[in-house]
Amino acid sequence: MHPVVKSFRENFVEGRFVIVLTTLFVIGMRVFLYLERGLPEIMVVNDNFLWQPLAHLFEDPLVSFIASTLSVIIISWILFSINNRYSIVRSRSNLPYTAPLFFLSLHPYCLVMTGNYVAIIFILFSIIPLLESYQKPNSYLYSFRSSILIAVASLFQVYALVLIPLWWRGEKAMRGPQLHSFIASLFGVFLVYITLFSVYFVLDDIDSFLLPLSNFISFSIPDMPVYTLYEWLAVILIAIFFTIIIVLSVNEYARDKVLTLSLMRFTVYLIVILSIMQIVYWKETLFYIVLSVTLMSVLYSYFYSRTESRRHIYLAYSMMLLLMIFYLSHYFPETFLIV
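Thresholds, definitions, all that
- Residues numbered from 1 in each chain as written.
- Predicted model: local features only at pLDDT ≥ 70, side-chain atom pairs only at ≥ 80, totals over all residues.
- Heavy atoms only, no water.
- Helix = DSSP H or I, 4+ residues; strand = E, 2+ residues; numbered from the N terminus.
- Buried < 20%, exposed > 50% of the residue type's maximum accessible area, 1.4 Å probe, protein only.
- Polar contact = N/O pair within 3.5 Å; in protein donor to acceptor, adjacent residues only side chain to side chain.
- Core = buried A, V, L, I, M, F, W, Y, C linked by side-chain atoms within 4.5 Å.
- Contact = heavy atoms within 4.5 Å.
- Patch = residues over 30% accessible without salt bridge, like charges linked within 9 Å, V, L, I, M, F, W, Y side chains within 5 Å.
- Areas by Shrake-Rupley, 256 points an atom, 1.4 Å probe, with all protein chains shown as cover.
- Salt bridge = Lys/Arg side-chain N within 4 Å of Asp/Glu carboxyl O.
- Phe/Tyr/Trp six-rings, centres within 6.5 Å; stacked < 30°, edge-to-face > 60°.
- Expected span 1.5 Å × (residues − 1).

*Asks:* Explanation requested: the side chain of S93 in the structure shown.
*Replies:* Mapped onto the fold, S93 is located in the loop between α4 (61–86) and α5 (95–103). Relative accessible area serves as the criterion here: at 2%, S93 is assigned to the buried category. A polar contact of 3.2 Å, which involves the side chain of S93, links it to the backbone nitrogen of L95. At a separation of 2.5 Å, a polar atom in the side chain of S93 contacts the side chain of S305.

Here is the structure:
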């Protein structure tokens, strides 16, 4: 093994204290960014059923910052636990925890507690029944559990409902198409929403029930963002890097065990569809891009836990440097205002 690869594994992938040190480092990043830039103003819109009545609990910037930090840690821990439970990477790796923690702490938007975080937590939990259903002949119960969790996620961010039809592809990859599983997933969503509808019906407020759902017809092709030269360069380079990681991951997981192969293919499928959805709903929500970044960290963790090529490690170091420059640009915005 090349010394560069060995050093990367020891310091980032398999280090004994990497999780603790990375957590402290990222918390420090978030604290310094909060103290320097504060929280951006994010208006609570009618794209949810449960988050809007809860949002006032996080109006205090400090409370919102602490809650968002805890949410990012929970998201990272869920991914780390899923990997340990199902051996997706098949080696001891800290990246399923450290990668999402780092990726979700680079922008001031990530410091604000929103319903997106709550929805993503439920969505990640729905991956567990999906993996549990692998090659199970009677899997309708797992489909029911996944759909219940996604439906609950949609109560905090209604755009999560898009994942219901997308999830059927993941279930097909895990065990093949099964009619009773399809019906069970629909029943799970129906159960959540008929209960919700009953509450609004009793309150005689059907319009409020329909209002979040109406967001799906409020889409438009976004205007070209007004970015500076440095921001456009960062966006292009990050997009190129993530595309390279997807391509390299495809070549790597194609030789892996069937469970890992199925999950990684499904993850790539979700990232592509969610990216398209983000373009369509760019003016309405950033939920899809936050979820895409979370799923992208899964591919990143998988690939860099397995690669033994020093060129790939150099690519990782280059990307880490670029992301840190992107992070630091929020401290010195006047330096990056060149168009």
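*Asks:* Would you mind going over unusual backbone geometry with me for this structure?
*Replies:* Positive phi, close to 50°, is recorded for S87, a residue that is not glycine. Of note, S87 is situated in the loop between α4 and α5. Residue class for S87 comes out partly exposed when judged on its relative accessible area of 35%. Even without glycine at this site, D204 takes up a positive phi of about 55°. Tracing the backbone shows D204 in the loop between α10 (179–202) and α11 (206–213). Given the relative accessible area of 68%, D204 is considered exposed.

*Asks:* What exactly am I supposed to notice about the nonpolar core here?
*Replies:* Taken as a class, soluble globular proteins show a tendency for nonpolar side chains to be buried jointly. L163, W167, Y193, F287 and Y304 are the most contacted members of the largest nonpolar core, which has 102 residues in total. Looking at this core element by element, the count peaks at 12 residues for helix α14 (residues 287–306). Aside from chain neighbours lying at most four places away, what touches L163 is I123, I150, L270, L274 and L291.

*Asks:* Please clarify how a nonpolar patch on the surface should be interpreted in this entry.
*Replies:* Together, L233, I236, L237, I240 and I244 line one region of the surface with nonpolar side chains, adding up to about 400 Å² of accessible area. Mapped onto the secondary structure, L233 falls in helix α12 (residues 229–253). Judged by its relative accessible area of 47%, L233 is partly exposed.

*Asks:* Mind showing me how you'd approach the side chain of T260 here?
*Replies:* Residue position: T260 is located in helix α13 (residues 258–280). Under the relative-accessibility criterion, T260 is labelled buried at 0%. Within the structure, T260 has its side chain in polar contact with the backbone oxygen of I88 (distance 3.0 Å). Excluding its chain neighbours within four sequence positions, the residues that come into contact with T260 are S87, I88 and Y302.

*Asks:* Sorry if this is basic, but what is going on with the packing of aromatic side chains here?
*Replies:* Between two aromatic rings, the relevant description is the distance of the centres plus the angle of the planes. Enumeration according to the criterion identifies 33 aromatic pairs in this entry. Taking 5.9 Å as the distance between ring centres and 55° as the angle between the ring planes, the aromatic pair formed by F8 and Y304 counts as tilted. Taken together, the positions of F8 in helix α1 (residues 3–13) and Y304 in helix α14 put the pair 296 residues apart, joining distant regions of the chain. The same class applies to F8 as to Y304, namely buried.

*Asks:* What is the right way to read helix α2 (residues 18–37) from this model?
*Replies:* Side chains that are three or four residues apart share a direction in an α-helix, a result of its 3.6 residues per turn. For α2, built from 20 residues, the straight-helix expectation of 28 Å at 1.5 Å per residue is met to within 8% by its first-to-last C-alpha distance of 28 Å. If you follow the buried residues of α2, they end up packed against α1, α4, α5 and α15 (310–328). Among the residues trailing α2, G38 stands out with phi positive, at a value near 70°.

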